[in-house]
Amino acid sequence: LTDSYTLNNGVKIPGIGFGTWQSADGDEAYQAVLDALKSGYRHIDTAAIYGNESSVGRAIADSKIDRQDLFVTSKLWNNVRGYDETLAALDESLNKLGLEYLDLYLIHWPNPIDYRANWAEMNAETWRAMEEAYRSGKVRAIGISNFQVQHLEALLKTAEIKPMVNQLFINPSDLESSIVELNQQHEILTEAYSPLGTGRLLATPAILNLADRLGKSPAQIAIRWSLQHGFLPLPKSTHRKYIEQNTQVFDFELSNADMSTLDALNGTIGTHIDPDTTDF
Ligand code: A2P
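The model shown is predicted, which means the values in this text are computed figures rather than measured ones.

J.: Could you give me a rundown of the packing of helix α4 (residues 119-136) against helix α5 (residues 149-158), with the residues and numbers involved?
T.: The geometry of a pair of packed helices is captured by two quantities: the angle between their axes and the separation between those axes. Contact geometry of α4 with α5 gives a least axis separation of 9 Å together with a crossing angle of 50°. With respect to each other, α4 and α5 are oriented oblique. Remark: the crossing between α4 and α5 carries right-handed chirality. The segment α4 lies against α5, with Ala120, Asn123, Ala124 and Trp127 engaging Ala154, Leu155 and Thr158. Its residues assigned to classes, the contact of α4 with α5 shows five nonpolar, two polar and no charged.

So, in structure tokens, the structure goes:
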């Protein structure tokens, strides 16, 4: 197990990212990102819809870390589809972040409610712009998020450049096996957002038992589970102690039996998100 992955275009990506979903704009997101960078994270995951790109950008600038040592991801929101619109939205994210390029830009959801009738066609057009952004060097890698099997298969029909990443809601209660397998077939890295099941997994007896036995915290067990599956976890926290703790996952190992115990939690806390029934 290494602490970084290599994307299908050769770009390296730090193996744990810092999630900023639900970190409020202003001091909260600023402080959380600054703490994360001080704790050693070099990979920050934000999105236009999180509304915190300016604060994230401010923390990045104030950290004084060299740009080339950082990996920054943002995402195109659902109200934007189409070629010109996508390129304009990317510029807006870059402006808010105060960056000249992104390391990774993702289509946030496959089938927003406004485009549910023609999502395949709109994604194809939007992907053309993502490819243009990649070719022009404004982004070092491009990808998708929340794409299920049918969405990825549709995209691959017209894509000239395969996505490098598919970011999904994955945790021991939500294995997402079919899309994970399809990602693997196409050498698309699976990123796991909410790897702690938005925190709800942490009180699960199976995880508490393992944590107890291995002398780690429940969050560390869930994060390690992600890594051992070959996923890139994106844990989120606003507490310095947790932020630090969530990177200390390289000094222990889950056995095959432990992994099976965790895999058996699939479905137990009902965290699956179905893009076809989301209302945005
Ligand atoms: P907080 O943000 O208040 O620090 P996920 O990454 O699955 O979305 O989970 C995020 C939730 O889990 C947040 O509520 C966060 O709390 C909490 N959390 C993150 N890391 C830890 C940890 N190491 N121990 C306990 N709770 C944590």
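J.: Give me the lowdown on unusual backbone geometry, citing residues and values where you can.
T.: Positive phi, normally seen in glycine, also occurs at Glu176, with a value near 55°. With respect to the helices, strands and loops of the structure, Glu176 is situated in the loop between β8 (165-169) and α6 (177-185). Of the residues examined, Glu176 has 21 C-beta atoms within 10 Å and is grouped as buried. Phi at Ser194 takes a positive value of approximately 50°, unusual for a residue other than glycine. Along the chain, Ser194 falls in the loop between β9 (189-193) and α7 (205-214). Look at Ser194 and you get buried, because 24 C-beta atoms sit within 10 Å.

J.: Describe the site of the ligand, listing the residues and the values that go with them.
T.: Near the ligand there are 18 residues, and of these Ser194, Leu196, Gly199, Ala219 and Ser237 occur at the shortest range. Of the residues that constitute the shell around the ligand, the class distribution is six nonpolar, 11 polar and one charged.

J.: Talk me through the pairing of β8; I want residue IDs and the actual numbers.
T.: Most of β8 sits inside the fold, with four of its five residues counted as buried. When strand β7 (residues 142-145) meets β8, the two strands line up parallel, connected through three bridges. For Gly143, the partnering residue across the bridge sits in β8 and is Val165. For the handedness criterion, the β-α-β arrangement of β7, α5 and β8 is classed as right-handed. Looking at chain direction, β8 and β9 are connected through five bridges and run parallel. Among the inter-strand pairings, Asn166 is bridged to a residue of β9, identified as Thr190. Taken together, β8, α6 and β9 constitute a β-α-β crossover, and its handedness is right-handed.

The rules behind each value
- Residues numbered from 1 in each chain as written.
- Predicted model: local features only at pLDDT ≥ 70, side-chain atom pairs only at ≥ 80, totals over all residues.
- Axes fitted to C-alpha atoms, helices over the stretch in contact; angles between N-to-C directions.
- Helix = DSSP H or I, 4+ residues; strand = E, 2+ residues; numbered from the N terminus.
- Parallel < 35°, antiparallel > 145°, perpendicular 65-115°, else oblique.
- Left-handed = near helix turned anticlockwise from the far one by under 90°.
- Contact = placed C-beta atoms within 7 Å.
- Nonpolar A, V, L, I, M, F, W, Y, C, P; charged D, E, K, R; others polar.
- Buried ≥ 20, exposed ≤ 12 C-beta atoms within 10 Å, placed from the backbone.
- Near = placed C-beta within 6 Å.
- Pairing = 2+ DSSP bridges.
- Right-handed = clockwise from strand over helix to strand, strands pointing away.

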